[in-house]
Amino acid sequence: MNTAMYQAATGAQVFGYVLILLAGLVCVAGLIWAFRLGIKVRERESAPPRPEEQPRLPASGPVHETREVREPDEVPRAADDSERLTPHQLGNVRSKRADDQRRPRWSPGSSGSFGGGGGGRT
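Residues numbered from 1 in each chain as written. Predicted model: local features only at pLDDT ≥ 70, side-chain atom pairs only at ≥ 80, totals over all residues. Heavy atoms only, no water.

Undergrad: Is there a simple way to think about the overall build of the chain in this case?
TA: For the chain, the count of helices and strands is two helices and two strands. Across the 122 residues in the chain, those meeting the buried criterion constitute 2%. Partitioning the contacts of the chain with sequence separation of at least 6, the portion at a separation of at least 24 is 46%. For the chain, the computed accessible surface area is about 12200 Å², with 59% contributed by carbon and sulfur atoms. (Helix = DSSP H or I, 4+ residues; strand = E, 2+ residues; numbered from the N terminus. Buried < 20%, exposed > 50% of the residue type's maximum accessible area, 1.4 Å probe, protein only. Contact = heavy atoms within 4.5 Å. Areas by Shrake-Rupley, 256 points an atom, 1.4 Å probe, with all protein chains shown as cover.)

Undergrad: Looking at this model, I keep getting lost on the environment of Pro 104. Mind explaining?
TA: Along the chain, Pro 104 turns up in the segment after β2 (95-97). The exposure class assigned to Pro 104 is exposed, which follows from its relative accessible area of 71%. Once the C-alpha coordinates of Pro 104 and Val 69 are considered, the two residues, 35 residues apart in sequence, prove to be 9.1 Å apart.

Undergrad: It is not clear to me how a nonpolar patch on the surface should be interpreted in this structure. Could you clarify?
TA: A surface patch of nonpolar side chains, amounting to about 450 Å² of accessible area, comprises Val 14, Val 18, Leu 21, Leu 22 and Leu 25. Locating Leu 22 in the fold gives a position in helix α1 (residues 3-44). The exposure class assigned to Leu 22 is partly exposed, which follows from its relative accessible area of 47%. (Patch = residues over 30% accessible without salt bridge, like charges linked within 9 Å, V, L, I, M, F, W, Y side chains within 5 Å. Salt bridge = Lys/Arg side-chain N within 4 Å of Asp/Glu carboxyl O.)

Undergrad: Which parts of the structure should I look at to understand the pattern of salt bridges?
TA: As a working rule, side chains carrying opposite charge can pair if their charged atoms are close by. For the coordinates displayed, the defined rule picks out seven salt bridges. Here Glu 52 ties to Arg 50 by a salt bridge, and the two come within 2.8 Å at their closest N and O atoms. In this structure Glu 52 comes out as exposed when scored by relative accessible area, which is 52%. With a closest N to O distance of 3.4 Å, Glu 65 and Arg 67 form a salt bridge. Residues Glu 65 and Arg 67 agree in their burial class; the two are exposed. By sharing partners, the salt bridges in this structure join Arg 50, Glu 52 and Glu 53 into a single network.

Undergrad: Please explain the UniProt feature "transmembrane region" (unreviewed entry) in the chain as it appears in this structure.
TA: The positions UniProt marks with the feature "transmembrane region" (unreviewed entry) are residues 14-35. Secondary structure content for residues 14-35 is 100% helix and 0% strand, while the C-alpha to C-alpha distance between its ends is 32 Å. (UniProt positions renumbered as here; feature names shortened; annotations may be inferred.)

Undergrad: Mind showing me how you'd approach the confidence of the model for the chain here?
TA: Should pLDDT be low for a region, the predicted coordinates there are not to be read in detail. When pLDDT is averaged across the chain, the result is 82; 78% of the residues are at 70 or more. Within the chain, the lowest mean pLDDT, 82, falls on helix α2 (residues 87-90), and the highest, 88, falls on β2. (pLDDT = per-residue confidence, 0-100.)

Encoded structure:
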C-alpha cells in the first residue's frame with residue numbers, strides 16, 4: 001500500500017474545501033458590504049412628504065375630463081408635384097376640434113366588433 005498517494009490526495013481535498021470556504025466568505029462579505037451601502041444611500045434620501053405637504057383638491061372641486069370629437073389637420077402639400085415632403089418637414093400630427101360633435105355610432109347591420117356574431121355588412 002502506497003501511503004504517499006493517500007496523503008497527496010488528502011492534501012488536495014483539504015485545499016479544495018478551504019478554497020470553497022474562502023469563496024463563501026467573500027460572497028458573504030460582499031453581501032454585507034452591499035447591504036451597508038444601501039442603508040447609507042437610503043439615509044441620504046429625503047424623507048417622504050408629511051400629510052400637510054400632500055396635494056389638495058382645488059377650491060372648484062375635482063377636475064373632470066372633457067370629451068370632444070377631434071379631426072386631423074390638413075397634411076401640408078409639397079410646392080411642386082415632382083418633389084415630396086420628408087417626415088421632418090411634415091412636423092407633428094396635429095388635430096382640431098370637429099364642427100360636428102355627435103359621436104360616431106355603429107352602422108345598422110354591422111356586428112360591432114370582430115367575432116361579435118353578427119352577419120356584418122353585406
